[in-house]
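Each chain, written out:
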Amino acid sequence: MRVRSVLLALALAAAPARAQQAAGPIAGPPAPPAAVPTGRIAGTVLDAAAGKPLIQARVQVLGREGSFLTDLDGRFRTAPLPAGTYGVRVSAIGYTAVQVDSVRVKAGETATISAALKSAPVQIGEFVVQAAPEVQKASSDAGLLAAQQNSPAVTDGISAETISRTPDSDAGAAVTRVTGISVLDNKVVVRGLSERYSSTVLNGIEVASPEPDKKFVPLEIFPASLLEALVAQKTATPDRPGDFSGGSVDIETKEFPDSRVVTLKLGTSGNSQSAFKRFPLPPRGGTDWLGIDDGRRDTPPPTPDAKRFSEGFSNSWTPAAAYAWPNASAEFTVGDRLDLGGDVLGFVASATYGRRRDYNPARLDAIGSGGYTFRDASVGVDWGGILNLAYRLGTRNKFAFKNFYTRTAEDLATQGGGTPIDPADAVFTLYQRRYVERYVYQGVVSGEHRIGFLANARLEWRYAYGRAGRADLDNRQLTYIDLAGGLGSQLSDRNPSFRYNNRFTDKTWAGNVDLSIPLSLREPGDAGLKFGVSERIKRRDLQTDAFQLIVGNAPLAIRQLPPEQALAPENLGAAQDGLIEIRRVGGVVFPYKGRELVQAGYGLIDADILPRLRFLGGARFERWNSNVDVTVDVQAPVPFKQQSDLLLSANLTYALSDRANLRAAAYQTVARPDLRELSPGGYPPVVGGLFEFGNPGLQRGTVNNGDMRFELYPGAGELLAVSGFVKEFTAPIVNVVALQGGDFNSLPINARSASSRGLEFESRVGLGRLAKGLGSLSLSANLTLIKSRVTLPDSVGASSPNLRFQGQSPYLVNLGLTWAPASARIVASILYNRFGNRVFRYGALIGTSQGPSFIEVGRGTIDAKVKVGLWSGLELSLAGRNLTNPFVDFRADFGNNRLPARRTRNGVGWSLGLTYAP
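Keep in mind that this is a model prediction, so the values were computed, not measured.

Q: Help me get a handle on the overall build of the protein, residues and values and all.
A: When helices and strands are counted, the protein shows eight helices and 52 strands. Per-residue burial over the protein gives 55% buried out of 918 residues. Long-range pairs, those at least 24 residues apart, make up 71% of the contacts in the protein between residues at least 6 apart in sequence. Here the protein displays about 37,200 Å² of accessible surface, and carbon together with sulfur accounts for 58% of that area.

In structure tokens form, the structure reads like this:
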């Protein structure tokens, strides 16, 4: 069934006519005179047992006439109230009423409260709360942990409140603070499993990917300032896609607030290797400030004249050194809600822009006992924004339209050299220039409706369009090789003396319809059924141009000139004329078009089968097919892939108390090859890297998973948890180094099997519990211990029986200490992150044995941040990142002997920011 064709019809059919009394205030009081200072009270009402919002709960401000009803999200906001202190009573049929006293309303501000109502067959009394707690939103630590406690699945996350206390500027850095999550080569690794076993969704919908080689989403392109929360669901439920095993990371963007918010942030940042230093900076021009090439880097128009065609390419290889000022950034956010009678229109808009300059003076790529040392310089632009709208039609209908866009661009200049295999070999000098643009857009339209005639069932529908792209423009590389006898070096036409122009697009259409029907077993509303269907279509298109540099017939005197002189117009032309020619070639980068379709249907039951025991389980059926069309002749055609899977899952939660849960879960998931991995062609690397090739013979793998977890919530925003998990893989997909045509390339293959077992420990507590003098300090700590093993096929030779799973670290550690005295407008944090050695790529077949695997050596980093409130609405922040500046080390693992494979340092980073929020 095509979901797209029925979404609107289902939504309109299910949405009942508005009840006049459901429109907000039943009999709201008249607004006070304009001369009287006024404010409001807003908040959320939840079911204490399930953690779900209560709709049409009645909210009364004591001493005032009238009342208000909560909406679909359990939210309410009062009419303007004179400044003062009030009591608020919250009630709902079938629940014990709650009274919140001492709610202080200030002029021009909105006081926020939250209330959790406990079910009661007969309302015989009410609870009275003397202080008004802060409303629990996902952007706060307390709100995120409250949602985590009441979730039927195992989840971990990080809120905007915590992110604001770190120096993290993007989602990729922030997500490493979450228990069991790290980032390897810009790819999310959850519980030691590579990006293949972890999905990334944006506001609940899969994101289009700008990466042509795999469909992973580089989280570095999502600015941290646009995030509401990052939440990783680690156990499967039938209503979530089944193609993950490590975890599904949900990027939640900002929601509209309960009152007007205007924020302006200005920042500057730098790095010890680049800021206030002189180094070769690629020149900027045209529309580069927008991260959009203006056509200067495109392939020249075709012409039969070899000289004119060759002259059409850029000839800048060694940019002049320039002084690098610190990076600069700006962000502006505005949000508000408008009361339209009984309806509500809310919006939030945010935009960010930044420019950066980076320099790495010593990047080592070693091969055998030789190696290359490179100097990398780059300039970049990052900008993006969100525009989210929500319209609540009474208390039973809600519509939303969310938009997200981000774009990055980087102009890279690299120069270096060395010996590829042995110091006795010839010395190579290499140059590279590369301009890369990436963008991601996602738009989601959604609706939620309460169906009164069906036991107040909830109908939800969503439809999303996503588009991502990458333009790898004017990617050009030159190789010089030393001549024998000390005669200097000459320009060579051996690899990688190529030019590439590649453009990639990824388009995603996704839709789903879900129906949740409440049931009553022992108590009203203590169970529910949920059914749904979904469809996801992905189309990927890689268009390429590749060009060979023909230099063999040019005179030695020309070949020995520096790059700009050797490739000067007077030296370009037809190769047969003894000149240097740039000629289009094939068989280097393979263009392809691919289509992937995933259709699914599911059913689940969520029920309190015993007074404290909650069960959520069911089945999900997924049908997957993919078709890859390689647009040039290749020896191996790409077969059509099709697979159907019935995936079962069960989650049990036993509430040991109101603050403690014991969880268990068992579930089945799958891991499918990406469209690019099914294409046999290759994709060019950065200088010193390996070509990434595909494998049409890849098959999808399956995973059986089991989890257990104990969690204790001592207080608001606090957590103590211990988790254990086990995963058994059949035909997992891994990457190995393969010898193809005399060159070493990276190739995905199906391993025979793999297993992974681990423990997770997490703590977020206030140290005031230990001593009164530590009341301003809070500690967050998490530790993940993992043991894994993979069995490779015979095709890669005899391998170690104890080979670890690719991307898996034996341990991950996060520590954080925050000082936030109540008497001062200051927050200071220091954070530590460390991971253990992990396999980056498996070795190649050498003779009859598997060669050495490439290991990323474990390292630890320290970050710190201080925020100080200067005066009303103005805040200053100072942050330091990677303060220990450890070596980033990759080594070839020969057992007792590990040879260097790659080594560099990222430098010490710093940032200074000023925020104004009137």
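Next, the rest of the story.
Q: Pulling in residues and values, what's your account of the side chain of D411?
A: Relative to the helices and strands, D411 resides in strand 23 (residues 397-419). Of note is the side chain of D411, whose polar atom sits 3.4 Å from the side chain of R297. Side-chain polar atoms of D411 contact the side chain of R433, separated by 3.3 Å. Apart from residues lying up to four places away in sequence, D411 is in contact with P282, P283, R284, R297, A377, S378, V379, R433, R434 and Y435.

Q: Account for the pattern of salt bridges, with residues named and values stated.
A: Scanning the model with the defined rule gives 46 salt bridges in all. In this structure, the salt-bridge partner of D243 is R536, at a minimum N-O distance of 3.5 Å. Taken together, the positions of D243 in the loop between strand 15 (227-233) and strand 16 (247-253) and R536 in strand 28 (residues 527-550) put the pair 293 residues apart, joining distant regions of the chain. Each member of the pair, D243 together with R536, is buried. For the salt bridge of E622 with R672, the shortest nitrogen-to-oxygen distance reads 2.7 Å.

Q: Can you lay out the packing of aromatic side chains for me, pointing to particular residues and giving the numbers?
A: All told, the structure shown has eleven aromatic pairs when counted by the stated rule. Look at W383 and Y405: their rings are 5.3 Å apart centre to centre, the planes differ by 40 degrees, and that puts the pair in the tilted class. One end of the pair, W383, is in strand 22 (residues 370-393); the other, Y405, is in strand 23, with 22 residues separating them in the sequence. Members of the aromatic cluster, connected to one another through ring pairs, are F309, F313 and F547. Lying across the ring of F835, R838 places its NZ or CZ 3.9 Å from the centre. Above the ring of F890, the side-chain terminus of R902 is found at 4.9 Å from the ring centroid.

Q: Help me get a handle on unusual backbone geometry, residues and values and all.
A: The phi torsion at F276 lies on the positive side, around 65 degrees, for a residue other than glycine. Tracing the sequence through the fold places F276 in the loop between strand 17 (261-271) and strand 18 (277-280). Judged by its relative accessible area of 44%, F276 falls in the partly exposed class. Despite not being glycine, D474 has its phi angle at roughly 50 degrees, a positive value. Structurally, the position occupied by D474 is in strand 25 (residues 457-482).

What counts, and where the lines are drawn
Residues numbered from 1 in each chain as written. Predicted model: local features only at pLDDT ≥ 70, side-chain atom pairs only at ≥ 80, totals over all residues. Heavy atoms only, no water. Helix = DSSP H or I, 4+ residues; strand = E, 2+ residues; numbered from the N terminus. Buried < 20%, exposed > 50% of the residue type's maximum accessible area, 1.4 Å probe, protein only. Contact = heavy atoms within 4.5 Å. Areas by Shrake-Rupley, 256 points an atom, 1.4 Å probe, with all protein chains shown as cover. Polar contact = N/O pair within 3.5 Å; in protein donor to acceptor, adjacent residues only side chain to side chain. Salt bridge = Lys/Arg side-chain N within 4 Å of Asp/Glu carboxyl O. Phe/Tyr/Trp six-rings, centres within 6.5 Å; stacked < 30°, edge-to-face > 60°. Lys NZ or Arg CZ within 6 Å of the ring centre and 35° of its normal.

Fair warning: the whole summary comes from geometry, so function is off the table for now.
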